[in-house]
Amino acid sequence: METKILKKRSATLKEVAERAGVSLMTVSRVLNNRDLVKQDTITKVEAAVEALNYRPNILARSLAGGNSLVIGIVYHNPSSGYLSEILVGAMTACRELGHQLVLEDLSDGGGDIDPEVVTHRLQKMGLDGLLLTPPLSANSVLVQKLHDSNIPTILVGRQKTQYDFSTVSFNDQSAAFAMTQYLIELGHKDIGFIVGSIEQPFSGRRKDGFLQAMHHHNIYVNDAFIKQGDYTFKSGMEQGGELLDLENPPTAIFASNDDMAAGVIAAAHSRNLDIPNSVSIVGFDDTELSSAIWPALTTVRQPISNIAKNSIKLLHDNILTDIPKAASSTIIDTVEIIRRESAAAIK
């Protein structure tokens, strides 16, 4: 019979603060700059640290210097362009605030993740806070496990949650409405739409924005023109190909991220179709890919880097404050259509 030895998880900064009866900011000061804290407070915090066996990430703290937090960013995303923008924004904010960013890639395990294993893995890292990015931020079981673990967390891409985690997201519905309206203004009425992964809440918001714009202009929505993708280049190529092979194909295709739009463009090239004269193709996100492909992609500019910056700063404020803050929902409303060569007026 195999005997399993269960190791006690590392306590969090929040648990230390609660046991010592002080704020998270005070605990951080004790750990990073003791000269700013009274001796009796130091004694209480040290007692809580010892009682809870709190073990901060010493290596990360030494790299970041004093008065810093160790912030983790966890990702498992098929879009390298989206990830690049998230990481750039998060690293910029951490550098400005003097915090250390620890990256944890969960895609190395292949497909599905085990929320319990992931949570245990993160607890062992001694993080002070965490950014959970899509699609992980939509995993309700993982979010619950993280909530139970008391790791302060910001959910990126979510607009609401039943837990007391703050969220930072983009107004996807308004942006999809604006892009669809742009295609309509170019004279397109037969518009195909490729939906993103059904696991992501913003996929539904983007589809709703598309449908809302079509209905606003009293344009019939052909069910055959709506296809299900998963935010990958491959799904865009497959679903785009099905749309282009219809007896009466759409004159424009709106893919709900740039990777899928690039796949649609590849499908059009393989059929010797002239873009944008035979078919207009547009995307969503404005990642580096959108300007690297041919023809360059007309797309919605989602401020991904700014979303990451705002998330880090919100996490900073939530942790390093003497006044507890309630969970908040930040929605970035600025919508910008980047007009490039892949879309044109219908002829």
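Conventions we followed
- Residues numbered from 1 in each chain as written.
- Predicted model: local features only at pLDDT ≥ 70, side-chain atom pairs only at ≥ 80, totals over all residues.
- Heavy atoms only, no water.
- Helix = DSSP H or I, 4+ residues; strand = E, 2+ residues; numbered from the N terminus.
- Buried < 20%, exposed > 50% of the residue type's maximum accessible area, 1.4 Å probe, protein only.
- Salt bridge = Lys/Arg side-chain N within 4 Å of Asp/Glu carboxyl O.
- Contact = heavy atoms within 4.5 Å.
- Pairing = 2+ DSSP bridges.
- Axes fitted to C-alpha atoms, helices over the stretch in contact; angles between N-to-C directions.
- Parallel < 35°, antiparallel > 145°, perpendicular 65-115°, else oblique.
- Left-handed = near helix turned anticlockwise from the far one by under 90°.
- Arc of directions from axis to C-beta.
- Polar contact = N/O pair within 3.5 Å; in protein donor to acceptor, adjacent residues only side chain to side chain.
- Core = buried A, V, L, I, M, F, W, Y, C linked by side-chain atoms within 4.5 Å.
- Domains from an automatic or database assignment.

Caption draft 1: Unusual backbone geometry, seen in detail. The omega torsion of the bond from Ile-275 to Pro-276 falls at 15 degrees, within 30 degrees of zero and hence cis. With respect to the helices and strands, the residue Pro-276 is situated in the loop between helix H11 (258-270) and strand S9 (280-285). With an omega of -10 degrees, the peptide bond running from Trp-294 to Pro-295 counts as cis. With respect to the element layout, Pro-295 can be found in the loop between helix H12 (289-292) and strand S10 (298-301). Even without glycine at this site, Asp-286 takes up a positive phi of about 60 degrees. With respect to the element layout, Asp-286 can be found in the loop between S9 and H12. For Asp-286, a relative accessible area of 13% gives the class buried.

Caption draft 2: Structural detail: the pattern of salt bridges. One pass over the full model with this rule turns up ten salt bridges. The shortest N-O distance in the salt bridge between Arg-121 and Glu-104 comes to 2.4 Å. With a gap of 17 residues between them, Arg-121 in helix H6 (residues 115-123) and Glu-104 in strand S2 (residues 100-105) connect regions that are remote in the sequence. According to the relative accessible area criterion, Arg-121 is partly exposed, its value standing at 29%. Because the salt bridges share partners, they merge into one network encompassing Asp-172, Arg-205, Arg-206 and Asp-285.

Caption draft 3: Here's a closer look at the environment of Leu-106. Following the sequence through the fold, Leu-106 ends up in the loop between S2 and H6. Given a relative accessible area of 5%, Leu-106 falls into the buried group. In this structure Leu-106 touches Val-74, Tyr-75, His-76, Ile-113, Val-118, Arg-121 and Leu-136, once residues within four positions along its chain are discounted.

Caption draft 4: Representation of the sheet that holds S2 within the structure. An order of S2-S1-S3-S4-S5-S11 is seen for the six strands of this open sheet, with the pairing classed as parallel. The sheet terminates laterally at S2 and strand S11 (329-332), the two strands that pair on one side only. In this sheet, neighbouring strand axes are inclined to one another by 20 degrees on average, regardless of whether the strands run parallel or antiparallel.

Caption draft 5: Quick peek at the packing of helix H8 (residues 172-185) against helix H9 (residues 201-216). The interhelical angle for the contact between H8 and H9, taken along N-to-C directions, is 40 degrees, at an axis separation of 7 Å. By the angle between their directions, the pair H8 and H9 is classed as oblique. Crossing of H8 over H9 shows right-handed handedness. Facing H8, whose interface residues are Asp-172, Gln-173, Ala-176, Phe-177, Thr-180, Gln-181 and Ile-184, H9 presents Phe-202, Arg-205, Arg-206, Asp-208, Gly-209, Phe-210, Gln-212, Ala-213, Met-214 and His-216.

Caption draft 6: Looking closely at H6. Along H6, the positions that sit buried rather than exposed are Pro-115, Val-118, Thr-119, Leu-122 and Gln-123. Projection of H6 onto a plane perpendicular to its axis shows the buried side chains occupying an angular sector of 135 degrees, all on one side. Regarding H6, its N-cap is Asp-114, as a side-chain oxygen of that residue lies 3.0 Å from the backbone nitrogen of Glu-116 further along.

Caption draft 7: A look at the nonpolar core. Core analysis: the biggest nonpolar cluster contains 46 residues, and Phe-210, Phe-254 and Ile-312 have the highest contact counts within it. Of the domains in this structure, domain 2 (68-171 + 304-334) and domain 3 (172-302) are the two that each give at least three residues to this core. Ignoring sequence-local partners within four residues, the contact set of Phe-210 consists of Ala-176, Phe-177, Thr-180, Ile-191, Phe-193, Val-221, Ile-226 and Phe-254.

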